[in-house]
Amino acid sequence: MKYYSTNKKAPVATLEKAVVKGLAEDRGLYMPENIKALPKEFFDNIDKMSFQEIAYTVADAFFGEDVDAESLKHIVYDTLQFDCPIVPVTENIYTLELFHGPTLAFKDVGARFMARLLQYFLKKGGEYVSSASASAKAGVNVLVATSGDTGSAVANGFLGVDGIHVYVLYPKGKVSPIQECQFTTLGKNITAVEVDGVFDDCQALVKSAFMDAELNAHMKLTSANSINVARFLPQAFYYFNAYARLKALGKADQMVVCVPSGNFGNICAALFGHRMGLPVKRFIAANNANDIFFKYLQTGKYEPKASLVTLANAMDVGDPSNFARIYDLYEGKHETITSLISGATYKDEQIAATMKQCFKETGYILDPHGACGYQALKEQLLDGEVGVFCETAHPAKFKEKVDAILGSDIEIPARLQEFMKGTKQSVSMTKDFESFKAFLMNE
Ligand SMILES: *Cc1c(COP(=O)(O)O)cnc(C)c1O
């Protein structure tokens, strides 16, 4: 399968090139040249298949031309060593719990999948990964900007993978203490870089690094943000599984999928699923106060802004990268996009009120991100529809905030407690690209 750039000014790429480069030469995002529709029999029988079986079928449609069946099966089964159940919250609203992976966040799937895929290309001696050994610094270097959850998922997905070094850039003081532990305490092939700025500054540093010729001659750089096809496409697995589990309950006929969105990688994967034939009636993108996409739906104008800091900090994105993919998928047709996707935007006070109300009425503990999704369904679901919203992270990852709002003392799962025992190690950095470049040139 070939991948083209959303900016249409770069040559098409192989899967390996798209994964290693992350971003195309013209700064566009890679898109698969075709999105295969899955056969009717697959959807007829999907409710009898396991999450892993479903995921392998979906993965084969994307990656089957480029990765042999046995290796791909291995990558999928190694990645999905946990479940993503749907849990009823009200009569017609279900949550799709995407937090049963190693760092209790949905990004675990894409991160692990990408690590294993890169490792596959390294072992195979692929053209793009192999040229890495010719650089001053051997191996592949993953740069990842995070507002919290990406960093922990990527760091843990890549931890201990030979030939790959990971640099996690995160905004100083803007990620939760638990999140910070998950990528600053690992050591080995993981370096945490604490940037004096906001998430968008971290993302800008990563983007500039990819465009810097001298740096790229010094070291082989790749990205593991949701711009990477190997990170965002596997997230489609979740939505096929949601449909399967809802179908098993006889409730999938008018399924509405609501995704709390920041950089829009997760919802973009869901939309790819829809293009493959997944019977979702419509989608809702739920935003916090960073309402760029919401405004786009209303006005047809995409106007990026500096990000605002909110309670749902993993969605604090002022210029969502994957907008370019959604725009491309629907050929820029605003009408098509608004007929399939609606929006919602919530300020911190509304997020907190939703968390309180949901807990009081149903006993379900929402995290601040999931709360946006739940509230959007409560407000927008029509008669006869069944809504599924993603719980994108375990509420304990935001324990301080959740406890303050609910007056609770929620338990921290053992897996998270383990991280908190380690010692924090990080490199301090300004948001100035020259200092970041100098640091990497010395690596
Ligand atoms: C990353 C993240 C989001 C936003 O996902 P996108 O793919 O960037 O839209 C939402 N919630 C949590 C907890 C996240 O970590």
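Refer to the structure presented above.
A quick note: this is a predicted structure, and the numbers were derived from the prediction, not measured.

A. Representation of the overall build of the protein chain in the model. Helices and strands together make up the secondary structure of the protein chain, namely 21 helices and 13 strands. Here the protein chain has a C-alpha radius of gyration of 20 Å; the compact-globule value for 443 residues is 22 Å, and the two agree. Taken across its 443 residues, the protein chain has 62% of its residues classed as buried. In the protein chain, the share of contacts with a sequence separation of at least 24, taken over all contacts with a separation of at least 6, comes to 74%. Total accessible area computed for the protein chain in this model is approximately 16300 Å², and 51% of it derives from carbon and sulfur atoms.

B. Up close: the sheet that holds strand E3 (residues 86-88). With mixed pairing, the six strands of this open sheet are ordered in space as E3-E4-E12-E9-E10-E11. Whereas interior strands pair on both sides, the edge strands pair on one side only; in this sheet they are E3 and strand E11 (341-345). The sheet shows a mean angle of 25° between the axes of neighbouring strands, taken without regard to direction. Here strand E9 (residues 255-260) runs beside strand E12 (residues 386-391); their pairing, made up of four bridges, is parallel. Paired with Cys258 across the two strands is Phe389, which belongs to E12. Strands E3, strand E4 (93-97), E9 and E12 of the sheet are contacted by helix H12 (residues 236-248), whose axis makes an angle of about 140° with E9.

C. Region of interest: helix H19 (residues 399-406). Among the residues making up H19, those that are buried are Lys399, Val402, Asp403, Ile405 and Leu406. Relative to the axis of H19, the buried residues are bounded by an arc of 165° and lie together on one face. Where H19 is buried, its residues contact helix H8 (177-184), helix H17 (348-362) and helix H18 (368-380). Looking at the residues trailing H19, positive phi occurs at Gly407, about 65°.

D. Seen up close, unusual backbone geometry. The phi dihedral of Lys8 falls on the positive side, at around 60°, and the residue is not glycine. Residues other than glycine seldom take positive phi values, yet Glu331 does so here, at roughly 50°. Its relative accessible area of 60% is what places Glu331 among the exposed residues.

E. Representation of empty space enclosed by the protein within the structure. The final tally for this structure, using the stated rule, is three cavities of 30 Å³ or more. Approximately 280 Å³ is the volume attributed to the largest cavity. If you trace the largest cavity, you find 25 residues lining it, with Phe106, Lys107, Gly262, Asn263 and Ala314 closest to the centre. At the level of secondary structure, the elements contributing two or more residues to the lining of the largest cavity comprise helix H7 (149-158), E9 and helix H13 (265-275). Broken down by element, the residue count for the lining of the largest cavity peaks at three residues, all from H13. A class-by-class count of the residues in the lining of the largest cavity yields ten nonpolar, twelve polar and three charged. Its volume calculated, the second largest cavity comes out at about 100 Å³.

F. Structural context of the site of the ligand. Around the ligand there are 15 residues in total, and Lys107, Gly262, Asn263, Phe264 and Thr392 lie nearest to it. With respect to the ligand, the backbone of Asn263 contributes an N or O atom lying 2.7 Å from an oxygen atom. Here the residues of the shell around the ligand are counted per class, giving six nonpolar, seven polar and two charged.

G. Up close: the packing of H12 against H13. Interhelical geometry of H12 versus H13 gives an angle of 60° and a closest axis separation of 7 Å. Considered as vectors, H12 and H13 are oriented oblique to each other. When the axes of H12 and H13 are compared, the crossing they make is right-handed. On H13, the residues that touch Ala236, Tyr238, Tyr239 and Phe240 of H12 are Asn266, Ala269, Ala270 and Gly273. Taken together, the residues that form the contact of H12 with H13 break down as six nonpolar, two polar and no charged.

H. Structural view of the packing of aromatic side chains. Within the structure shown, the criterion is met by 20 aromatic pairs. Relative to Phe272, the ring of Phe62 lies with its centre 6.5 Å away and its plane at 55°, an arrangement referred to as tilted. Residue Phe62 is found in helix H3 (residues 51-63), and its partner Phe272 is found in helix H13; the two are separated by 210 residues along the sequence. With respect to burial, Phe62 and Phe272 carry one shared label: buried. Summarising the aromatic geometry, the rings of Phe63 and Phe113 are spaced 5.2 Å apart at their centres and angled 35° between planes, so their arrangement reads as tilted. Remark: Phe113 occurs in helix H5 (residues 107-124) and Phe63 occurs in helix H3; sequence separation between them is 50 residues. Each of the two residues, Phe63 as well as Phe113, counts as buried. Seen from the ring of Tyr56, Lys73 lies directly overhead, with NZ or CZ sitting 4.8 Å from the centre.

I. Structural context of the pairing of strand E6 (residues 164-171). Burial of E6 is extensive: eight of the eight residues sit out of reach of the surface. By the alternation rule, side chains of E6 split into Ile164, Val166, Val168 and Tyr170 and His165, Tyr167, Leu169 and Pro171, which are all buried. Bridge analysis of E6 against strand E7 (residues 190-195) gives six bridges, and the strand direction is parallel. If you follow Leu169 over to E7, its bridge partner there is Val193. Once you follow E6 into H8 and on to E7, the crossover reads as right-handed.

The rules behind each value
Residues numbered from 1 in each chain as written. Predicted model: local features only at pLDDT ≥ 70, side-chain atom pairs only at ≥ 80, totals over all residues. Heavy atoms only, no water. Helix = DSSP H or I, 4+ residues; strand = E, 2+ residues; numbered from the N terminus. Rg over C-alpha atoms; globule rule 2.2 N^0.38 Å. Buried < 20%, exposed > 50% of the residue type's maximum accessible area, 1.4 Å probe, protein only. Contact = heavy atoms within 4.5 Å. Areas by Shrake-Rupley, 256 points an atom, 1.4 Å probe, with all protein chains shown as cover. Pairing = 2+ DSSP bridges. Axes fitted to C-alpha atoms, helices over the stretch in contact; angles between N-to-C directions. Arc of directions from axis to C-beta. 1 Å grid on protein atoms, 1.4 Å probe; cavity = no way out; pocket = protein on both sides within 12 Å on 5 of 7 lines; lining within 4 Å. Points joined across faces, edges and corners; volume = space filled by probe spheres on them. Nonpolar A, V, L, I, M, F, W, Y, C, P; charged D, E, K, R; others polar. Near = heavy atom within 4 Å. Polar contact = N/O pair within 3.5 Å; in protein donor to acceptor, adjacent residues only side chain to side chain. Parallel < 35°, antiparallel > 145°, perpendicular 65-115°, else oblique. Left-handed = near helix turned anticlockwise from the far one by under 90°. Phe/Tyr/Trp six-rings, centres within 6.5 Å; stacked < 30°, edge-to-face > 60°. Lys NZ or Arg CZ within 6 Å of the ring centre and 35° of its normal. Right-handed = clockwise from strand over helix to strand, strands pointing away.

Read these as spatial facts, not as claims about activity.
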